[in-house]
Amino acid sequence: MQKKYVMTGLLFVTPITLILLTFLLFPIAQSFYYSLTDWKGVGAYSFIGFKNYADIFKEDVFVHSLWRTLAIGLSAAVLSNVLGLFFAVLLDQPLRTKKALRALYYIPNVIPIVVAAFVWRYILDANSGLANQWLSALAGRPVTTAWVDSPDDVVPTIVLITVWQMMGPIIIIYLAALQGVPGELLEAGMLDGASRPRRFVSIVLPMIAPGITVNVLIGLANGIRLFDLPFALTGGGPANASETLAIRIYRYAFQSSDMAYGMAASFVMTMVVLVVTCFFVALSRKYEQGAHGA
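The structure reproduced in this document is the subject of the present report. Since the model is a prediction, treat every value here as computed from it, not as a measurement.

1. A closer look at the side chain of threonine 244
Take threonine 244: it is sitting in the loop between helix H11 (228-233) and helix H12 (245-255). Setting aside its immediate chain neighbours within four residues, threonine 244 contacts Ser65, Thr69, Ile72, Leu226, Phe227 and Pro230.

The following block contains the structure:
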């Protein structure tokens, strides 16, 4: 009987195992092998070991793209979670318009990012954009901030647009977590004389810790793998000031026709994502254990 159960289980997992091997694990292994060669995408190639990995860190443009991507990912994750939690707490109140507001906050997430990038490009134009027109009307003097055309302003602008675009799912997750906080605990805290901020810090935050973990990972993942927004908004410019790691990989693989170099860069990005994710997961788990232990 036990053997029958084992065979039945194997029969059920075999199709998905074959699919994963064929379309996921095998391509990953093949890509890693090609990253150890000088393959240009077509034709013959030779094995060169880890030369691509060694050379790639000698390029200033790659290193700058790496640090810029980490800065965008961390900034987007922090801002989207702080603002997302703030708006989720507001939407968790008994408001008549909260259903409409929930839909309104989620709209940016369903707009195609390329379409959103072109719209934001028009709004943030230094000469005729609506943003500078509104700021000029408020300031009473001409404002010509180059939001996407200045190397100093383009990265903060991309971070803000990224936060705007991905805050919808984060708010929904926080709302679900907030609605799972037992009302009895909040009432007990109120009877003990705890103020509203104290109840939020000591009761609500520990209870929604798993939601915080999920949302931080969503923010990091969206920020670190960012490609379409800066590519459609600025093309990685001006002067490569908004070039992310994903755009740099695209340039290696398709513009320079060096597929092996691009694959090596993509595996570096994969390792960065894994390291950053594991660090924040461990940090979040430690916080959750400490919160529940308390």
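Alright, that's what it looks like, and here's the rest.
2. Some remarks on helix H7 (residues 154-179)
Across its 26 residues, H7 extends 38 Å between first and last C-alpha, which sits within 8% of the 38 Å expected from 1.5 Å per residue. Where H7 bends most, the angle comes to about 50 degrees, and this point is methionine 167, followed within four residues by the proline proline 169.

3. Things to note about the pattern of salt bridges
Summed over the entire model, instances satisfying the criterion amount to five salt bridges. The shortest N-O distance in the salt bridge between aspartate 55 and lysine 51 comes to 2.6 Å. Of this pair, aspartate 55 and lysine 51 both sit in helix H2 (residues 51-56), four residues apart, roughly one helical turn. Two residues, glutamate 243 and arginine 248, come together in a salt bridge whose shortest N-O distance is 2.9 Å. Taking relative accessible area as the criterion, glutamate 243 reaches 0% and is therefore assigned buried. Among the residues examined, arginine 248 registers a relative accessible area of 11% and is labelled buried.

4. With respect to the nonpolar core
In this structure, Ile171, Ile208 and Leu229 are the most contacted members of the largest nonpolar core, which totals 34 residues. Only helix H3 (60-91), helix H5 (113-123), H7, helix H9 (196-207) and H11 provide two or more residues apiece to this core. For this core, the element with the highest residue contribution is H7, accounting for 13 residues. Discounting chain neighbours no more than four positions away, the residues touching isoleucine 171 are Gly84, Phe87, Ala88, Leu91 and Tyr105.

Cut-offs applied
Residues numbered from 1 in each chain as written. Predicted model: local features only at pLDDT ≥ 70, side-chain atom pairs only at ≥ 80, totals over all residues. Heavy atoms only, no water. Helix = DSSP H or I, 4+ residues; strand = E, 2+ residues; numbered from the N terminus. Contact = heavy atoms within 4.5 Å. Expected span 1.5 Å × (residues − 1). Bend = angle between axes of the 7 residues up to and from the residue. Salt bridge = Lys/Arg side-chain N within 4 Å of Asp/Glu carboxyl O. Buried < 20%, exposed > 50% of the residue type's maximum accessible area, 1.4 Å probe, protein only. Core = buried A, V, L, I, M, F, W, Y, C linked by side-chain atoms within 4.5 Å.

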